[in-house]
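Secondary and tertiary structure notes
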Amino acid sequence: MRNALIIARREYLSFLTQPVAYVAMAVFLVIMGVVFFFVEDFFGIDQASMRAFFEWGPIVFILFLPALSMRLIAEERRSGTLEVLITLPVREIEVATGKLLGAWLFLLTTLLFTLAYPLVVSSLGEPDLGMIVGGYVGLALVGLAYLGLGLMASSWTKNQIVALILGALFCAVFYFIDSMVGAFATEAQPVVSYFSFKTHFANVARGVIDTRDLVFYLSVTVVTVMVASYNLESRKWK
């Protein structure tokens, strides 16, 4: 675990030194602000609520987080530093876990800047504090799962654009899977909805933190990290 934390720190600091990461952060904050205050007409509905903000968060994440995770392993492959990293006394699972945690820390840093939005809402009314806390917990969890999917996609290729497309595709499918399947097979929707990020996020965003939702997101994260670790380890067999 110590090695994973060292890699996480290294990865997080690498995000802080890359202008692209700040551009992605700024774009995310602007999009969320525009959607929340203007597209959803926050000032027109005359209601101090953060519901629209949290509903749009996972949707905007579909592009924002794969853009962060696309370089996690793909860039190491492209530059040839992956071989050096793997030859160090560190296990593949520690590499995958550390990189994911580093990206997640950058996501949490980004979410800290969005606290300006509930402060604005609070100055205009009395929003539901439980929903705000639940919403941020939900964004942190769904963000972790999205980054896991992006990490997995990045472990399959050395092309960052391919990793971005695959990561965004995985995230979109897992978020909208219940709607897509329900459009063709209504009877299967209750079963498929269990695998939908949207279904589990809706529960947490209401301020209801159910252990089943926590287990779901953490399970997805663990599986993606294990797949990424396997992809790293398989390089030794070639």
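Every residue gets a number counted from 1 within its own chain, in the order that chain's sequence is written. Local features in this predicted model are restricted to residues whose pLDDT is 70 or higher, and side-chain atom pairs enter the listing and the counts only when it is 80 or higher, whereas totals over whole chains, interfaces and linings include all residues. Excluding hydrogens and water, the side-chain figures rest on all heavy atoms present in the structure.

Turning our eyes to something else, we now look at the overall build of the protein. Secondary structure is summarised from DSSP: a helix means a run of H or I of at least four residues, a strand means a run of E of at least two, and numbering begins at the N terminus for each. Within the protein one finds 13 helices and zero strands. In sequence order, the secondary structure elements of the protein are arranged as α-α-α-α-α-α-α-α-α-α-α-α-α. Only protein chains enter the area calculation, which uses a 1.4 Å probe; residues under 20% of their type maximum are buried, those over 50% are exposed, and those in between are partly exposed. Split into buried and exposed, the 238 residues of the protein put 47% on the buried side. Contact criterion: two residues are considered in contact whenever any of their non-hydrogen atoms come within 4.5 Å of each other. Of all intrachain contacts in the protein linking residues separated by at least 6 positions in sequence, the fraction that spans at least 24 positions is 76%. The method behind every accessible area is Shrake-Rupley, applied with a 1.4 Å probe, and residues are considered shielded solely by the protein chains displayed. Accessible surface, the protein: about 11,800 Å² in total, of which carbon and sulfur atoms supply 70%.

Moving on to the packing of helix α7 (residues 92-113) against helix α13 (residues 211-234). In the contact formed by α7 and α13, the axes pass within 8 Å of each other and the chain directions differ by 130°. Regarding the angle of α7 to α13, the classification is oblique. Of the two possible hands of crossing, α7 and α13 adopt the one that is right-handed. Packed against α7, whose contacting residues are Glu 92, Ile 93, Val 95, Ala 96, Thr 97 and Leu 100, the element α13 presents Thr 221, Val 225, Met 226, Ala 228, Ser 229, Leu 232 and Glu 233 at the interface. Of the residues in the contact of α7 with α13, the class split is eight nonpolar, three polar and two charged. Axis definition: a line fit to C-alpha positions, over the contact stretch in the case of helices; interaxial angles, taken between N-to-C directions, run 0 to 180 degrees. For classification purposes, angles smaller than 35 degrees are called roughly parallel, those larger than 145 roughly antiparallel, those between 65 and 115 roughly perpendicular, and all remaining angles oblique. When the near helix sits turned anticlockwise from the far one by under a right angle, the crossing is termed left-handed; a clockwise turn instead gives a right-handed crossing. Three classes are used, and their members are as follows: Ala, Val, Leu, Ile, Met, Phe, Trp, Tyr, Cys and Pro are nonpolar, Asp, Glu, Lys and Arg are charged, and the others, Gly among them, are polar.

So, about helix α12 (residues 197-205). Three or more residues of α12 are buried, namely Phe 197, His 200, Phe 201, Val 204 and Ala 205. Along α12, the residues classed as buried sweep out an arc of 135° about the axis, all on the same side. Looking at where α12 begins, the residue whose side-chain oxygen comes 3.2 Å from the main-chain nitrogen of Lys 198 is Ser 196. Positive backbone phi, approximately 95°, marks Gly 207, located one or two places after α12. Relevant arc is that of directions from the helix axis to the C-beta atoms, nothing else. As used in this structure description, the phrase polar contact means that two N or O atoms lie within 3.5 Å; if the pair is within protein, one of them must be able to donate a hydrogen and the other to accept it, and residues adjacent in sequence are counted only when both atoms belong to side chains.

Take the packing of aromatic side chains next. Aromatic ring pairs are reported here in terms of the distance separating the ring centres and the angle at which the planes meet. Two rings from Phe, Tyr or Trp (for Trp, the six-membered ring) form a pair when their centres sit within 6.5 Å of each other. Planes less than 30 degrees apart are called stacked, planes more than 60 degrees apart edge-to-face, and all others tilted. Summed over the entire model, instances satisfying the criterion amount to 21 aromatic pairs. Plain terms: the ring middles of Phe 36 and Phe 53 are 5.9 Å apart, the flat faces sit at 75° to each other, and that makes the pair edge-to-face. Note that Phe 36 is positioned in helix α2 (residues 19-39) and Phe 53 in helix α4 (residues 51-69), a separation of 17 residues in sequence. Exposure remark for Phe 53: the relative accessible area of 1% places this residue in the buried category. For the ring pair Phe 37 and Tyr 117, a centre distance of 5.7 Å and an interplane angle of 75° mean the geometry is edge-to-face. Here Tyr 117 lies in helix α8 (residues 116-124) and Phe 37 lies in helix α2, a separation of 80 residues in the sequence. Accessibility classification places Phe 37 together with Tyr 117 in one group, the buried group. Connected via pairs of aromatic rings, a cluster forms that spans Phe 28, Phe 61, Phe 64, Tyr 146, Phe 174, Tyr 194, Phe 195, Phe 197, Phe 216 and Tyr 217. Only when the NZ of Lys or the CZ of Arg is both within 6 Å of the ring centre and within 35 degrees of the ring normal is a charge said to sit over the ring. The ring of Phe 15 carries the charged tip of Arg 71 above its face, separated from the ring centre by 5.1 Å.

Another point: the nonpolar core. Met 50, Phe 53, Phe 61, Tyr 146 and Phe 197 are the most contacted members of the largest nonpolar core, which totals 57 residues. The element that contributes the greatest number of residues to this core is helix α9 (residues 129-154), accounting for 13 residues. The criterion is simple. A nonpolar core is a set of buried Ala, Val, Leu, Ile, Met, Phe, Trp, Tyr and Cys residues joined through side-chain atoms within 4.5 Å.

Quick look at the confidence of the model for the protein now. pLDDT is defined as a per-residue confidence score from the predictor, taking values between 0 and 100. Residue-level pLDDT values for the protein average 85, and 90% of them are 70 or greater. Averaged pLDDT values for the elements of the protein fall to 62 in helix α6 (residues 81-87) and rise to 94 in α7.

Attention shifts here to the environment of Met 152. When you line up the elements, Met 152 lands in helix α9. Separated by 74 residues in the primary sequence, Met 152 and Met 226 place their C-alpha atoms 8.7 Å from one another.

What follows is about the side chain of Thr 109. For Thr 109, the position within the fold is in helix α7. A polar side-chain atom of Thr 109 sits 2.9 Å from a polar atom in the side chain of Tyr 12. Among residues more than four places away in sequence, those in contact with Thr 109 are Tyr 12 and Met 25.

Moving on, we come to α4. A helix is expected to span 1.5 Å for every residue after the first. In a regular helix each residue adds 1.5 Å, so 19 residues correspond to 27 Å; α4 covers 27 Å between its end C-alpha atoms and thus fits that length. Bending of α4 peaks at approximately 45° at the position of Phe 61. Fitting axes to the seven residues that end at a residue and to the seven that start at it, the angle between those axes gives the bend at that residue.

With that settled, the discussion passes to the environment of Leu 166. For Leu 166, the location among the structural elements is in helix α10 (residues 160-182). Put simply, Leu 166 and Leu 149 are 17 residues apart on the chain and 8.8 Å apart in space, counted from C-alpha to C-alpha.

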